[in-house]
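Letter by letter, the chains look like this.
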Amino acid sequence: GENVEQHPSTLSVQEGDSAVIKCTYSDSASNYFPWYKQELGKRPQLIIDIRSNVGEKKDQRIAVTLNKTAKHFSLHITETQPEDSAVYFCAARSSNDYKLSFGAGTTVTVRA
Amino acid sequence: NAGVTQTPKFRVLKTGQSMTLLCAQDMNHEYMYWYRQDPGMGLRLIHYSVGEGTTAKGEVPDGYNVSRLKKQNFLLGLESAAPSQTSVYFCASSWDTAKAQHFGDGTRLSIL
């Protein structure tokens, strides 16, 4: 089955700086890569996703890039704000499967 | 619309007791999932369903059973609770496996 690794496990950035989280996946048949944000005590919520036929996708201050050859994808948050402090999870879904495989999560702390 | 509703929100059980967690969604989604979330381990899939009357094992199914008798409901059962099952349980549903999963607020379960 699919195996997703996520790095780093914790990330502390100064407000206004950028944050980058990287994930690798094992199944070359994976074709859907979502990112979820979970604030403390809340439910995970989708913030952005990308499909294998696209190399990059942006939505305001967040962007995701995908490198199919290297089997890794990354989340980029620019101009970080205190409300960006949360746990972020990457995930991957194989075209042969019905379910997502999640990374272990990255705790992002934005320092004022 | 309520989205995904989980019942109960909190529960404390003694070892060996049984209980059922209820997940209800009002979005007419085909796919439903049960996850457990433990510190540092991300979201691990317990069981999932691809439609009414179907269930399948996920990554960590041992000690749990599920049923999907109605499309809108997905029940997670613990027949004989163990301390290792202390966790936060999330239910999710989606219209398609390559679309956003919508999560409930979670059930915090403690087994003494």
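Structure: above.
Every value quoted in this text rests on a predicted model; they were computed, and no experiment measured them.

(A) Broad picture of the interface of chain A and chain B. Contacts between the two partners involve 17 residues from chain A and, on the opposite side, 21 residues from chain B. Summed over both sides, the interface between chain A and chain B buries roughly 1700 Å², with carbon and sulfur atoms accounting for 56% of that surface. For chain A, the biggest contributors to the area lost against chain B are R43, Y98 and F102 of chain A; these three give 36% of the whole. Inspection of the chain A/chain B interface yields one salt bridge. We note a salt bridge from D105 of chain B to R43 of chain A, for which the minimum N-O separation is 2.5 Å. The tally of links from chain A across to chain B stands at seven residue pairs in polar contact (both at pLDDT 80 or more). Mapped onto the side of chain A that touches chain B, the elements with two or more residues apiece are β4 (30-38), β5 (45-51) and β9 (86-94) of chain A. Element by element, the count of residues in the side of chain A that touches chain B is highest for β4 of chain A, at three residues. Of the residues in the side of chain A that touches chain B, the class split is nine nonpolar, two polar and six charged.

(B) Seen up close, the nonpolar core. One finds I21, Y25, F33, W35, F73, L75 and Y88 of chain A to be the most contacted residues of the largest nonpolar core, which totals 23 residues. For this core, the elements supplying multiple residues, two or more each, are β2 (10-14), β3 (19-25), β4, β5, β7 (62-67), β8 (72-77), β9 and β11 (106-111) of chain A. Ranked by size, the runner-up nonpolar core spans 19 residues in total, among them M19, F74, L76 and Y89 of chain B.

(C) Spotlight on the state of the cysteines. By the definition in use, this model includes two disulfides over all chains. With a sulfur-sulfur separation of 1.9 Å, C23 of chain A is cross-linked through a disulfide to C90 of chain A. Between C23 of chain A and C90 of chain A, the S-S torsion sits near -100°, and that sign places the bridge as left-handed. With a gap of 67 residues between them, C23 of chain A in strand β3 and C90 of chain A in strand β9 connect regions that are remote in the sequence. Between the sulfur of C23 of chain B and that of C91 of chain B lies a disulfide, 1.9 Å long from S to S.

(D) Quick look at the environment of T86 of chain B. All names here are of chain B. Its place among the elements puts T86 in the loop between β8 (73-78) and β9 (87-94). Looking at T86, the relative accessible area reads 34%, which means it is partly exposed. In the structure, T86 is positioned 10 residues away from D96 in sequence and 30 Å away in space, judged by C-alpha atoms. Once residues within four sequence positions are removed from consideration, T86 is found in contact with R36, D38, L109, S110 and I111.

(E) A look at the pattern of salt bridges. All names here are of chain B. The tally for this structure, following the rule as stated, stands at nine salt bridges over all chains. We note a salt bridge from K71 to E30, for which the minimum N-O separation is 2.9 Å. Here the residue K71 occupies a position in the loop between β7 (64-67) and β8, and E30 occupies one in the loop between β3 (19-25) and β4 (31-37), the gap between them amounting to 41 residues. Of the residues examined, K71 reaches a relative accessible area of 17% and is grouped as buried. Classification of E30 as partly exposed rests on a relative accessible area of 32%. Between D38 and R36 there is a salt bridge whose closest N-O contact spans 2.9 Å.

The rules we used
Here, residues in each chain are numbered from 1, in the same order as that chain's written sequence. Chain letters start at A and ligand numbers start at 1, both assigned in the order the entries are written. Per-residue local features are limited, in this predicted model, to residues with pLDDT of at least 70; the limit for side-chain atom pairs, both in listing and counting, is 80 or more; totals at the level of whole chains, interfaces and linings are taken over all residues. Side-chain calculation: all heavy atoms of the structure are included, whereas hydrogens and water are not. Only heavy atoms matter for contacts: two residues are in contact if any of them lie within 4.5 Å across the pair. Put simply, buried area is the surface a 1.4 Å probe can reach on two separate parts but cannot reach once they are joined, added for both. The rule for a salt bridge is simple: a side-chain nitrogen of Lys or Arg has to be within 4 Å of a carboxyl oxygen of Asp or Glu. Polar contacts, as counted here, are pairs of nitrogen or oxygen atoms within 3.5 Å of one another; within protein the pair requires one atom able to donate a hydrogen and one able to accept it, and residues that are adjacent in sequence qualify only if both atoms are side-chain atoms. Runs of H or I in DSSP of at least four residues are treated as helices and runs of E of at least two as strands, each being numbered from the N terminus. The classification used treats Ala, Val, Leu, Ile, Met, Phe, Trp, Tyr, Cys and Pro as nonpolar, Asp, Glu, Lys and Arg as charged, and all other residues, Gly among them, as polar. To form a nonpolar core, buried Ala, Val, Leu, Ile, Met, Phe, Trp, Tyr and Cys residues must be joined to one another through side-chain atoms within 4.5 Å. Relative accessible area decides the class of each residue, using a 1.4 Å probe on protein chains only: under 20% of the type maximum gives buried, over 50% gives exposed, and in between gives partly exposed. Count a disulfide wherever a pair of cysteine sulfur atoms falls within 2.5 Å.

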